[in-house]
Amino acid sequence: MKLSSILLNSILVLFVSIGVGAPAMAQEVEPKSQQQISQEKSTGTFLGSRISNILFSQSGRLTRPEDFGDDIQTTQGAGVADLEGYSGPIWVSLSARRSTLRGDDMDLDIVTVGGDVISAPDGIFGVMFQGDVSTQDASDGGSFDATGYMAGFYGISQLGSVTFDLRLSAGETSNDISNFGAQVDDVKSERWLAAFQVLSTEELPNGVLLVPNGGFSWFEDRMEAYTIGATPVEEETIRYGQANFGSRAFIPISLGATQGDVVLAASTIYGFGPSAGEEVPEGVRARLDLGVEFYNADVWQASAGVFFDGVGLEEYEATGLDLGVTLWF
């Protein structure tokens, strides 16, 4: 064999050995097991349900909408809230919600603590902390238990009879997951929320208050990859937004010396975003609420109600019960 042929063969062997000059062999991707597919779907449903519930469980800074306005003053320019009949700028809200989506039941409990930092005749800026506990029993037999928090800011401004509410918060959760006879704990999930709402008030005969409202909200929740038993589950991220427009009616009632309202609400909601149509609803749907609330203005408020979400959208339906208590200090 000629020397040139030997050299050529040696070069070709060297190139092949280091993967240069020869096409790379395509690696086969193993198909996902049914357990993996089921667990990833269950994880997505849990994140989607939690997003939907948290979006609709955001606590309002005010009691009834008309309680804002002229009662807000500043003290010697110090920028501290001084509400008439109101002993301080701190408020605490407790809420509990139970909902069902596609056969999966979720319980969500939220405590929110807020504090007004700056107050002016027509606006408030404050900080807030929200802690939540969520539990979901999945239809496939698995379960999720999560404890999380979000911290951030809120701002409320009033121009005439129109009120603007903006909030931004972020945080994380620790998720304990069980299924297939196995369990994994402390799976981290990062999330953030941005929401903007605008509402106006119109007084009708017999003390009825009509509150047209609209807004926009966006939520992202990213759960890291985990392995439960021998089943790997990929990282899951839900990115979802909602635009809403509707109206809420407060019909005065009394229970002895306690004042309250029957609350009727209807909203049109447009869901969108990269995750829409998968685990959270995409497109236009309607939501109906019926509830009752009692209050002592600027001291406490308690409410209870039922909701039906998903009217007009065949692939999505959620029903549930809302309970809430808000205290001002």
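Above this note sits the structure.
Criteria and cut-off values
- Residues numbered from 1 in each chain as written.
- Predicted model: local features only at pLDDT ≥ 70, side-chain atom pairs only at ≥ 80, totals over all residues.
- Heavy atoms only, no water.
- Helix = DSSP H or I, 4+ residues; strand = E, 2+ residues; numbered from the N terminus.
- Buried < 20%, exposed > 50% of the residue type's maximum accessible area, 1.4 Å probe, protein only.
- Contact = heavy atoms within 4.5 Å.
- Areas by Shrake-Rupley, 256 points an atom, 1.4 Å probe, with all protein chains shown as cover.
- Phe/Tyr/Trp six-rings, centres within 6.5 Å; stacked < 30°, edge-to-face > 60°.
- Lys NZ or Arg CZ within 6 Å of the ring centre and 35° of its normal.
- Pairing = 2+ DSSP bridges.
- Core = buried A, V, L, I, M, F, W, Y, C linked by side-chain atoms within 4.5 Å.

A.B. asks: Which parts of the structure should I look at to understand the overall build of the protein?
C.D. replies: Per the secondary structure count, the protein includes two helices and 15 strands. Each of the 329 residues in the protein was classed as buried or not, and the buried ones make up 43%. A sequence separation of at least 24 residues applies to 61% of the contacts in the protein between residues at least 6 apart. Surface summary for the protein: the accessible area is close to 16600 Å², and the carbon and sulfur share equals 60%.

A.B. asks: Quick question: what am I supposed to make of the packing of aromatic side chains here?
C.D. replies: Tallied over the full model, the rule gives eight aromatic pairs. Aromatic side chains F216 and F272 sit 5.9 Å apart centroid to centroid with 25° between the ring planes, which places their arrangement in the stacked category. Residue F216 is found in strand β8 (residues 209-223), and its partner F272 is found in strand β12 (residues 258-272); the two are separated by 56 residues along the sequence. One aromatic cluster in this structure is built from F216, W218, Y270 and F272. The side chain of R97 reaches across the aromatic face of F307, ending 4.6 Å from its centre.

A.B. asks: Would you mind going over the pairing of strand β6 (residues 182-200) with me for this structure?
C.D. replies: Two faces make up the sheet, and in a regular strand the side chains alternate between them. The pairing of strand β5 (residues 162-179) with β6 spans 17 bridges and is classified as antiparallel. Bridge pairing links N179 to A182 in β6. Counted along the chain from β5 to the antiparallel partner β6, the turn is two residues long, and its residue F180 has a positive phi close to 55°.

A.B. asks: Help me understand the nonpolar core in this model?
C.D. replies: The biggest cluster of nonpolar side chains holds 25 residues, and the ones touching the most others in it are F46, I177, F219, M223, Y226, I228 and Y240. Listed by contribution, the elements that provide at least two residues to this core are α2 (34-55), β2 (104-120), β4 (143-159), β6, β8, β9 (226-228) and β11 (236-255). Among the elements that line this core, the one with the most residues is α2, at five residues. Other than its neighbours up to four places away in sequence, Y226 contacts Q39, T43, F144, I177, V184, V187, T231, P232 and V233.

Just distances and angles here, no functional claims.
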